[in-house]
Amino acid sequence: ETGVTQTPRHLVMGMTNKKSLKCEQHLGHNAMYWYKQSAKKPLELMFVYSLEERVENNSVPSRFSPECPNSSHLFLHLHTLQPEDSALYLCASSQVPPGLAGYNEQFFGPGTRLTVL
Amino acid sequence: GENVEQHPSTLSVQEGDSAVIKCTYSDSASNYFPWYKQELGKRPQLIIDIRSNVGEKKDQRIAVTLNKTAKHFSLHITETQPEDSAVYFCAASRYGGSQGNLIFGKGTKLSVKP
């Protein structure tokens, strides 16, 4: 176990539903990330939170809304999604600036497999 | 913004042979280049990284080289084994770790045939 957990592991939702993905890290890190993984774009950065503040939003549609209430938890709120949003959503965490190891390895969670009908 | 190109998209080698995956980046300010390995059904994991003040780094059977002038870096795996079969992602960051933002390549699916 890498210390990053995600729930649920699988999610099927209709286009009119509202759901949330949850990520929790037990590594004492201060930065968390959401990635979308699909066949078209294997590891696409969506959001970056550093010290609980959003520092990057890679032009993600507003139907995806992140929330980072503290350094250990990260949410991705979903509403009125499209079928093309079906993908694996990966959460990751790291320590920034780098820790004693000298680099800021990102530790990934197992992902949530999302299917939008 | 940064753009990372990765080649080839698929690579098949015989066990014991070497494998090389190449990446190019566009932002000359990028200074941190990690490689992640993702086995089927599993999460990506860091296997090796290099910073811009170093030209080469080795860790047992894997090595990474960096050419800052040409803006490309490569992953070399020697004496490949079936357990090396996975998707490998290169990435680049201009922050050297201060913010952790990584831009990933599209991945290379490596198959090692026994």
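Before reading further, recall that the structure is shown in the block above.
Calculation notes
- Residues numbered from 1 in each chain as written.
- Chains lettered and ligands numbered in written order.
- Predicted model: local features only at pLDDT ≥ 70, side-chain atom pairs only at ≥ 80, totals over all residues.
- Heavy atoms only, no water.
- Pairing = 2+ DSSP bridges.
- Helix = DSSP H or I, 4+ residues; strand = E, 2+ residues; numbered from the N terminus.
- Axes fitted to C-alpha atoms, helices over the stretch in contact; angles between N-to-C directions.
- Contact = heavy atoms within 4.5 Å.
- Polar contact = N/O pair within 3.5 Å; in protein donor to acceptor, adjacent residues only side chain to side chain.
- Salt bridge = Lys/Arg side-chain N within 4 Å of Asp/Glu carboxyl O.
- Buried < 20%, exposed > 50% of the residue type's maximum accessible area, 1.4 Å probe, protein only.

Trainee: Mind showing me how you'd approach the sheet that holds strand E3 (residues 19-25) of chain B here?
Mentor: Pairing between the strands of a sheet comes from backbone hydrogen bonds, and it takes one of two forms, parallel or antiparallel. Residues and elements named next belong to chain B. In spatial order, the strands read E1-E3-E8-E7-E6; together these 5 strands make up an open sheet with antiparallel pairing. The sheet terminates laterally at strand E1 (4-7) and strand E6 (56-59), the two strands that pair on one side only. The average undirected angle you get between the axes of adjacent strands in this sheet is 15°.

Trainee: Looking at this model, I keep getting lost on the environment of Leu21(A). Mind explaining?
Mentor: Residues and elements named next belong to chain A. Turning to its location among the elements, Leu21 is positioned in strand E3 (residues 18-25). Sequence-wise, Leu21 and Ser65 are 44 residues apart; in three dimensions their C-alpha atoms are separated by 10 Å. Those residues in contact with Leu21, other than ones at most four positions away along the chain, are Thr7, Pro8, Leu11, Trp34, Leu74, Phe75, Leu76, Leu78, Tyr89 and Thr112.

Trainee: Hey, could you run me through the side chain of His73(A) in this one?
Mentor: Residues and elements named next belong to chain A. In this fold, His73 is placed in strand E8 (residues 73-79). Side-chain polar atoms of His73 contact the side chain of Asn70, separated by 2.9 Å. Ignoring sequence-local partners within four residues, the contact set of His73 consists of Lys22, Cys23, Glu24, Met32, Glu67 and Cys68.

Trainee: Please clarify how the pattern of salt bridges should be interpreted in this entry.
Mentor: All names here are of chain B. Throughout the structure, instances matching the rule amount to 5 salt bridges over all chains. For Glu39, the salt bridge identified is with Lys37, shortest N-O distance 3.6 Å. The exposure class assigned to Lys37 is buried, which follows from its relative accessible area of 16%. Two residues, Lys42 and Glu39, come together in a salt bridge whose shortest N-O distance is 3.9 Å. We classify Lys42 as exposed; its relative accessible area is 53%.

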